Amino acid sequence: MEAVRVENLVKIYHGGIRAVDGVSFTINEEEIFGFLGPNGAGKSTTIKCIIGLVRPTAGRIWIFGVDVERDPGVVKRSIGYAAQETAVDDQLTGWENLYLQGRFHHLSPKEIRARGEEVLRLFGLWERRNDLAQTYSGGMLKRLDIACALIHRPRILFLDEPTLGLDVQTRKAIWDYIRKLRDEHKMTIFLTTHYMEEADELSDRVAIIDHGKILALDKPGALKAALGGDLITLKFASQDERLPALLSAIRALPGVRDLRSSPDGIHWIWVEQRGDQLIPELVQLALSYGIQVDSVRLKRPTLDDVYLHYTGREIREAEASREEHVRARILQRRVRR
Amino acid sequence: MIIMDVVYVAWRELLKFFRARVRLLVTVIQPLIWLGLMGNMMQGLTQNPFIERLLGTTSYLAFMTPGIILMTVLFGGVFSGLSIVWDRRIGYLEKLLAAPISRAAIPLGKMVASAIQGGFQGLLILLIALGLGVRFSTGLAGVLFALLVAMTFSLILSGFSLTLASRIKSQETLMALVNFFTMPLMFTSNALFPREAMPAWLSAIAQINLVTHAVTPIRQVLLFGWDWSSMWVSLVVIGGLALLMAFLAGQSFLRATAE
């Protein structure tokens with residue numbers, strides 16, 4: 001069954017900013033679906049439209065077959081949402097935060113006690129439940145935030161930048177919890193991130209979004225493969241008159257797509273796959289022409305390359321044009337209301 | 001269901017209110033200072049037949065007690081909106097909106113919390129006044145009635161504050177704005193001085209001031225006794241304003257969150 005279906009979603013904020021510009025996709029049940037894009041790309045707005053916090057300008061959304069605009073009450077009961085900001089009240093204890101969240105979802109105290117213990121144990125917070133949240137570390141706060149989103153046993157969990165600003169260990173721990181939710185608790189998970197690594201590590205499928213449009217959507221492996229295989233960078237120890245012959249021999253090897261050379265003697269060889277297995281063969285071949293290999297390097301495409309290929313720039317804030325920067329700022333403010 | 005939503009929104013605020021020990025202490029000490037210092041200071045000045053006739057009582061302390069209750073409630077209630085600004089900033093508001101809770105319950109719950117805080121503060125001040133020798137003419141029933149009026153007054157102010165807070169998204173602006181209203185409201189009322197002693201223009205303003213309308217019934221009941229004919233207009237005014245503000249706070253919040 002489809003967990004989420006989004007058709008031609010458009011959101012234009014006051015002032016004419018197109019935050020989301022005709023996005024369509026589906027998420028399958030028990031899938032971890034990643035939304036990858038720079039700041040201001042439209043990730044948060046898309047999530048907020050799906051869970052009914054922001055009214056779409058156009059387009060339709062279904063969650064488990066229920067129309068979000070028609071039946072927001074039903075939809076809200078089947079979704080859990082942890083926003084980008086860790087929305088924990090730090091003057092309350094962990095348990096009080098969870099308890100209130102349960103009451104806001106109209107659970108009975110008995111249900112909250114049973115379910116609350118379960119999620120707090122799952123997230124390793126049970127022992128600290130009676131401490132004020134202001135004594136928690138950043139990672140604990142995020143875990144509590146996600147635990148709160150799970151109190152009413154949602155079928156699908158929306159995580160907006162779940163590991164933003166966390167250190168590497170904490171981030172890995174959060175990843176483990178997310179995987180556990182899917183593997184052991186059969187949950188569907190929609191997460192947005194601008195960490196390539198996170199999308200790659202967690203997601204079954206990734207959509208790359210920028211300027212409110214989906215630029216690519218596939219399994220992380222397929223996205224990488226589509227960029228065109230491995231790249232071998234080769235440098236020879238000597239310049240020889242037999243070099244041109246060697247290069248054409250390399251070109252003729254099976255699996256080699258392209259070969260380019262720079263004037264200072266660096267050669268780039270694109271191969272379809274298994275670049276690591278081709279390296280010994282290349283060295284052998286060079287030796288048979290009497291040419292020594294000085295250095296060799298293999299680079300496999302990462303999701304970074306895919307991302308850069310589609311968005312054409314690195315982190316927006318770093319080198320954004322002023323216009324884009326302003327747009328991103330306005331968007332973030334709009335989204336936060 | 002909306003009632004339970006209101007209850008739990010209010011419960012959260014109250015949990016935090018009673019947990020903030022320092023703030024609680026201040027809410028006790030502040031009226032103690034007002035009553036203990038100003039009340040006694042004015043005592044000498046007010047002990048002459050002319051002023052006693054204006055006050056309607058021989059004890060300025062007793063006269064100002066209702067005023068101090070309402071002043072405390074005024075300064076507390078008017079900051080109720082800050083909690084919504086804060087909730088918005090930390091993302092808690094969004095979490096509430098994503099839950100199947102009734103949206104109107106959010107401002108209403110905060111108003112109810114503010115009223116309960118106001119009632120609690122009013123009770124503390126009455127106890128302090130009692131300790132300083134003020135006696136209430138109508139006993140426990142009068143005390144309960146006075147607290148009820150104070151709570152209704154608190155609903156008006158928190159409703160006003162929340163109405164503004166739905167639109168104003170910065171704490172600093174909101175604080176500046178409500179402070180702009182509170183001082184003039186206080187000093188153009190009969191909270192600390194009898195209207196009879198005011199110049200005519202000020203007395204006219206005081207007559208329509210909502211603080212006056214809240215002070216009058218409390219003072220009537222605590223100092224003189226039950227006299228509905230002198231109280232009913234004020235009771236209708238503050239009751240009506242409380243309902244109006246609840247409506248406005250709800251409307252303003254719903255409009256601000258409908259995107």
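Bear in mind the structure is a predicted one, so any value in this text is a computation, not a measurement.

A short note on the overall build of chain B
At step 1: The helix and strand tally for chain B stands at 12 helices and 0 strands.
At step 2: Secondary structure elements in chain B, listed N-terminal to C-terminal, are α-α-α-α-α-α-α-α-α-α-α-α.
At step 3: Taken against the 2.2 N^0.38 rule, which gives 18 Å for 259 residues, the C-alpha radius of gyration of chain B at 19 Å falls within 12% of a compact globule.
At step 4: Expressed as a percentage of the 259 residues in chain B, the buried residues total 56%.
At step 5: Intrachain contacts of chain B at a sequence separation of at least 6 include 79% that bridge at least 24 residues.

Points about the pattern of salt bridges
At step 1: Counted according to the given criterion, the structure contains 30 salt bridges over all chains.
At step 2: Here Arg60(A) ties to Asp67(A) by a salt bridge, and the two come within 2.7 Å at their closest N and O atoms.
At step 3: With a shortest N-O distance of 3.9 Å, Arg12(B) and Glu13(B) are connected by a salt bridge. Each member of the pair, Arg12(B) as well as Glu13(B), is classed as buried.
At step 4: Among the ionic contacts, a cluster of salt bridges with common partners joins Asp89(A), Arg12(B), Glu13(B), Lys16(B), Asp87(B) and Lys110(B).

Comments concerning the packing of aromatic side chains
One pair of aromatic rings is described through two measures. These are the centre distance and the angle between the planes.
At step 1: The tally for this structure, following the rule as stated, stands at 21 aromatic pairs over all chains.
At step 2: On the basis of an interplanar angle of 80 degrees and a centroid distance of 5.5 Å, the ring pair of Phe180(B) and Phe181(B) is categorised as edge-to-face.
At step 3: Looking at Phe181(B), the relative accessible area reads 34%, which means it is partly exposed.
At step 4: An aromatic cluster is built from Phe25(A), Phe33(A), Phe35(A), Phe158(A) and Phe190(A), whose rings are joined through pairwise contacts.
At step 5: Sitting over the ring of Trp126(A), Arg129(A) keeps its end group 3.8 Å from the ring centre.
At step 6: Sitting over the face of the ring of Tyr195(A), Arg171(A) holds its NZ or CZ atom 3.9 Å from the ring centroid.

Considerations on the environment of Leu45(B)
At step 1: Its place among the elements puts Leu45(B) in helix 2 (residues 21-46).
At step 2: The sequence separation of Leu45(B) and Tyr60(B) amounts to 15 residues, and the corresponding C-alpha distance is 9.2 Å.

Cut-offs used in this document
- Residues numbered from 1 in each chain as written.
- Chains lettered and ligands numbered in written order.
- Predicted model: local features only at pLDDT ≥ 70, side-chain atom pairs only at ≥ 80, totals over all residues.
- Heavy atoms only, no water.
- Helix = DSSP H or I, 4+ residues; strand = E, 2+ residues; numbered from the N terminus.
- Rg over C-alpha atoms; globule rule 2.2 N^0.38 Å.
- Buried < 20%, exposed > 50% of the residue type's maximum accessible area, 1.4 Å probe, protein only.
- Contact = heavy atoms within 4.5 Å.
- Salt bridge = Lys/Arg side-chain N within 4 Å of Asp/Glu carboxyl O.
- Phe/Tyr/Trp six-rings, centres within 6.5 Å; stacked < 30°, edge-to-face > 60°.
- Lys NZ or Arg CZ within 6 Å of the ring centre and 35° of its normal.

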